[in-house]
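Each chain, written out:
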Amino acid sequence: MSKILILAGTTEGRVLSDKLEESGIKHIVSVASEYGETMLGEGEFRTIRIGKLDEDAMILYLEGEGFSEGDFLVDATHPYAKEVTENAGKVAEKMGLKYLRVKRDRVDIPVSENIHIFKSIDLCAEALTKFLNQKENQKEPVLITTGSNNLEIFAETLSAEVLKNTYVRVIPTIESIEKCKRLGFEESHIIALQGPFSVELNVALIKQYGIRHLITKESGTAGGFGEKIEAAEKCGISTYVIARPEEEGMPLSEVEKLLVKGADLELDIKSDTKSKEAHLILAGAGMGDGDSLTEEVKEAVKNADAIFGAKRILESLGCAQNKEKYSLFRAEDVIDIILAHPEYKKNVILFSGDSGFYSGARSFLKYLEDKYERLKQFGEKELRSVNIGGVNFIISVLPGLSSVSALAAKLGESYEDAGIYSLHGRFSKENLNEILWNIKYQEKAFVLFSGAQDVNSLARGMKEQEIEGEITLGINLSSKEEEIVTLSLDEAMGIERSGSIIGFIRNLSPQGRMLIPYFMDQDFLRDNTPITKEVIRHESIRRLQLREGDLVFDIGGGTGSVAIEIGSLHPTLRVLSVEKKKERVEILKQNIENHHMDNVKVIEGDASEILRENIDEMLAGKTKPDAVFIGGSGGQLGEIVRLISQLGEGIRFVVNAVTLETIQETEKVLEEFEPKNRRAVQIGVSNLTDVGDYHMFRAENPVMIYSFEL
């Protein structure tokens, strides 16, 4: 019988362990604290291990317990426990264990002006701080229900006045309570209770303490997230939601089924599946309404033993009555199910839209290619195969109707001359910025959205960047709820809709792309901050030899003129601008905001100190700049270059030197490192100025521009 280790600490972990206990299946449950042990209780078939495990400790423990290839490692930790999940995946891969990630059920978040959603706890704390640190809002009571792990972020950012009116709800352990006290939360404001909580209890607590702002993670059904949202809405208070990280895995019910059946059948499965075949058909499901399936896909579904896909797609399949259906579509989940069911010979995995257009079919195939031997191609239909666990999986891909072609047809528009982009499941400031950058220069574009919030963000971005246009939305295409609506940017910024959404953007005045983009000095706020002048800036950037996707360090950011001009060249460029003088940092940030440069980030502090403090982390994360511009080094040029050179080879440097001292310092660096492609040029610039009724040239300080590669 296979061995099983469950990494628990959540409701799902306890439920799964109880199910195995009821089924008489021996297993080990790992919890972080004694409190976790008390929540589980004793069991005849359950062994409990207490204490946190990093990657190395987990391997030692598993090897000590006799775990080997084919045994189960079940990750039922909290969705926000990223580090544990990453470690578990690495351990399973190294030891050849079957890794099962329990995916927590999601709760739909209602659209409400009182609900604010953030991608990280840092962004949430920043927004809350900005609101509450205003004098008129300081006394509005806050209830934090995110647990004790991340309380430091709030304790460090909220003012002392705001903390006096902040309540925290944590589990009733000595460690949690002591931590709250240590961080400065008043003892009378620590609510130590074990959840999850009913709507009624949440309402009672909100009313008792006069709460005006509720902070919560998107913890799902098991974490009582829905009850918190409902209570907050009933009380009319603001809710700050920290969105759950993108999560992969299997529903608890599927993990239960696999373990309860699979633990006893594992040996039989391995022996019975030798030389067996299973067909995997990756198919585009079109609009997801069932009627838009191609005849070829309908036939595949009709003959399938099991069908996999998103819940919405499966529910719409009139041609799949009495079929085994699984609301799963990740490759590892599908493979596990099929291996546990040798009778599934023909399997269809349905992906919305077209299998070759921003489809999950791509990641499905990539997983198989990365995880197993390279897919073999054979036969007239170019089928591919891969052997997994003794089963020869034969893979084919079928196309479907994409939402782009469907909307284009309904609008009578062509799309061979349009830009096609996606925010669906890929929303980030960087991705949005890249799409806006492209839309600015195109008359037509199609964009896939995850929901109305994506539409709001795109319209707001177009408005901020002064892109004149309108957006036509195709909502729930080919369904009974289908709606096609054309909106102005102002209307699109406020639209609220649910369901699948695709947009057609018409730019009413597309710009021509500048072949050599540049800014003039007057485009930047300066105050008394020095600026790298136009001619010097343009020549320095040219010598950086930038390429799409480069990471650039800008040392001595000043006004941000160099960083911003670099960022404007292409949206995939990423710039980190380091500036140590606080007054200059404010000017730099303002210039970045004025020019909408989301790909330029500011780091405040001394460059040499920042590099020294973070060099180990940068080496571990393989963070290497492609290019470095040094406009000001504070006399630390040699140390800065020395530290950056540790990050890897092929880094391109450009150094501006105005004083004789900086020139001497640069020459010493060149002598020490003996770099490749060493070049230097001195540029003297004179600008035409008005002097009364006359015009004369006024000379700027000559600048030495050094360029080299380490």
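Residues numbered from 1 in each chain as written. Predicted model: local features only at pLDDT ≥ 70, side-chain atom pairs only at ≥ 80, totals over all residues. Heavy atoms only, no water.

Novice: Would you mind showing me how to read the overall build of the chain here?
Specialist: Assigned secondary structure in the chain consists of 25 helices and 33 strands. The globule rule puts the C-alpha radius of gyration for 710 residues at 27 Å, and the 29 Å found for the chain is close to it. Taking the principal axes of the C-alpha coordinates as reference, the chain spans close to 95 × 70 × 55 Å. Each of the 710 residues in the chain was classed as buried or not, and the buried ones make up 50%. Pairs at least 24 apart in sequence give 70% of the contacts found in the chain among residues at least 6 apart. Taken together, the 85 basic and 116 acidic charged side chains of the chain have centroids lying 1 Å from each other. (Helix = DSSP H or I, 4+ residues; strand = E, 2+ residues; numbered from the N terminus. Rg over C-alpha atoms; globule rule 2.2 N^0.38 Å. Buried < 20%, exposed > 50% of the residue type's maximum accessible area, 1.4 Å probe, protein only. Contact = heavy atoms within 4.5 Å. Lys, Arg positive; Asp, Glu negative; His and termini not counted. Charge placed at Lys NZ, Arg CZ, Asp CG, Glu CD.)

Novice: Whenever I open this one, the sheet that holds strand E28 (residues 627-630) confuses me. Can you help?
Specialist: The strands that make up a sheet are held in pairs by hydrogen bonds between backbone atoms, and each pair lies either parallel or antiparallel. The strand order across the open sheet formed by seven strands is E27-E26-E25-E28-E29-E33-E30, and the pairing between neighbours is mixed. Strands with a single pairing partner mark the edges of an open sheet, and in this sheet they are strand E27 (600-604) and strand E30 (676-683). Put simply, the sheet's adjacent strands are angled 15° from each other on average, direction ignored. Relative to strand E26 (residues 574-579), strand E25 (residues 551-555) is paired through five bridges, and the arrangement is parallel. (Pairing = 2+ DSSP bridges. Axes fitted to C-alpha atoms, helices over the stretch in contact; angles between N-to-C directions.)

Novice: Where do I start with the packing of aromatic side chains in this structure?
Specialist: For any pair of aromatic rings, the description rests on two quantities: the centre-to-centre distance and the angle between the ring planes. One pass over the structure, following the stated rule, counts ten aromatic pairs. With centroids separated by 5.8 Å and ring planes inclined at 5°, the aromatic side chains of Phe118 and Tyr240 adopt a geometry described as stacked. Taken together, the residues Phe118 in strand E6 (residues 115-118) and Tyr240 in strand E11 (residues 238-242) connect sequence positions 122 residues apart. For Phe118, a relative accessible area of 15% gives the class buried. A centroid spacing of 4.6 Å and a plane angle of 40° characterise the contact between Tyr167 and Tyr209, whose relative ring orientation is tilted. Of this pair, Tyr167 sits in strand E8 (residues 166-170) while Tyr209 sits in helix H9 (residues 199-209), and the two are 42 residues apart along the sequence. By relative accessible area, Tyr167 is classed as buried at 11%. Judged by relative accessible area, Tyr209 falls into the partly exposed class, the value being 24%. The structure contains a cluster of three or more aromatic residues connected by ring pairs, namely Phe308, Tyr326 and Tyr344. (Phe/Tyr/Trp six-rings, centres within 6.5 Å; stacked < 30°, edge-to-face > 60°.)

Don't take any of this as a statement about function, it's just geometry.
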